[in-house]
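For reference, the chains in residue letters:
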Amino acid sequence: MQTDIQPNLTTGTNLHEFSKKEVWNGFTQLVPLSFFVVVFGAAFGLAASQTGLDNTSSLLMSTLVFAGASQFAALDLWGTEVPVIPLMVTVFAINARHLLMGATLYPWLRHLPPAKRYGVMLLASDANWALSLNALSRGERGIGLLLGGGLALWSFWIVGTWLGLTFGNAIHDPVSLGLDMVMGCFLLSMVAIGPKNIRILVIWAVAAGSSLLAYWYLPENSHVVVGALSGGLLGAFWTEKKHDH
């Protein structure tokens, strides 16, 4: 089993490159999961309208921010006067896992020009990140999958927001339908089929363990930051050894 997750430059395979076909393949792979994203987008649209946010602002938030949990958290703090500092801290805490995403993909993304690198990462989400990382870890090109999958999730999230603003009363509580478990089950399956070596297992164990401890003993949402930082830092310092061919 190959455990080298660095770009395999010695064989001439440029894993950081991607084509339109690969982007389209990533898009189609994430379409089935994106239908569940529509439901949560609709829930956000309904919540935004009930908060008093106008339709244009709600759609702009989903288009420009594209971060479901953070958007719901922003609605909780929304009012005539928005507390900017608490809002920034809350959003950072919820999205701290993106530090881990960026760290795990950096060995490949660093070969892209800055505009492409950050353009692709703008659409990074849990599902397309997991698929992309698994492909790259197998020695396959996965950046197109990351971009295409992100486009699918992003577009369906916007559509869901619009549906929620227009027909939101039909969806009162998606959590009661068990739909909040879909993404968790998907990510768990990605861990199960992903590369298995001592380094990967230890990193996941440290991230999970520290996150649980933070969930039990630290303030709300801090477990996201602690888990992402602990796993990301361990992965950054404990790098894969390059194999000579």
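Everything here concerns the structure above.
First things first, this report covers the structure right here in the doc. Here the structure is a predicted model, which is why all the values come from computation and not from measurement. (Residues numbered from 1 in each chain as written. Predicted model: local features only at pLDDT ≥ 70, side-chain atom pairs only at ≥ 80, totals over all residues. Heavy atoms only, no water.)

### Thoughts on the packing of helix α3 (residues 68-76) against helix α4 (residues 84-94)
Packing of α3 against α4 brings their axes to within 9 Å, and their N-to-C directions diverge by 155°. One finds that α3 runs roughly antiparallel with respect to α4. Helix-helix and strand crossings are classified by hand; for α3 and α4 the assignment is right-handed. Along its contact with α3, which presents A69, S70, A73 and A74, the element α4 presents L87, T90, V91 and I94. Per-class residue counts for the contact of α3 with α4 are six nonpolar, two polar and no charged. (Axes fitted to C-alpha atoms, helices over the stretch in contact; angles between N-to-C directions. Helix = DSSP H or I, 4+ residues; strand = E, 2+ residues; numbered from the N terminus. Parallel < 35°, antiparallel > 145°, perpendicular 65-115°, else oblique. Left-handed = near helix turned anticlockwise from the far one by under 90°. Contact = heavy atoms within 4.5 Å. Nonpolar A, V, L, I, M, F, W, Y, C, P; charged D, E, K, R; others polar.)

### Looking at α3
Of all the positions in α3, only S70, Q71, A73, A74 and L75 are classed as buried. Contacts made by the buried residues of α3 are with α1 (20-51), α2 (55-64), α4 and α8 (143-167). (Buried < 20%, exposed > 50% of the residue type's maximum accessible area, 1.4 Å probe, protein only.)

### With respect to the side chain of S230
Structurally, S230 is set in helix α11 (residues 222-237). A polar contact is formed between the side chain of S230 and the side chain of S210, at a distance of 2.6 Å. If near-sequence neighbours (up to four positions away) are discounted, S230 is found in contact with V206, A207 and S210. (Polar contact = N/O pair within 3.5 Å; in protein donor to acceptor, adjacent residues only side chain to side chain.)

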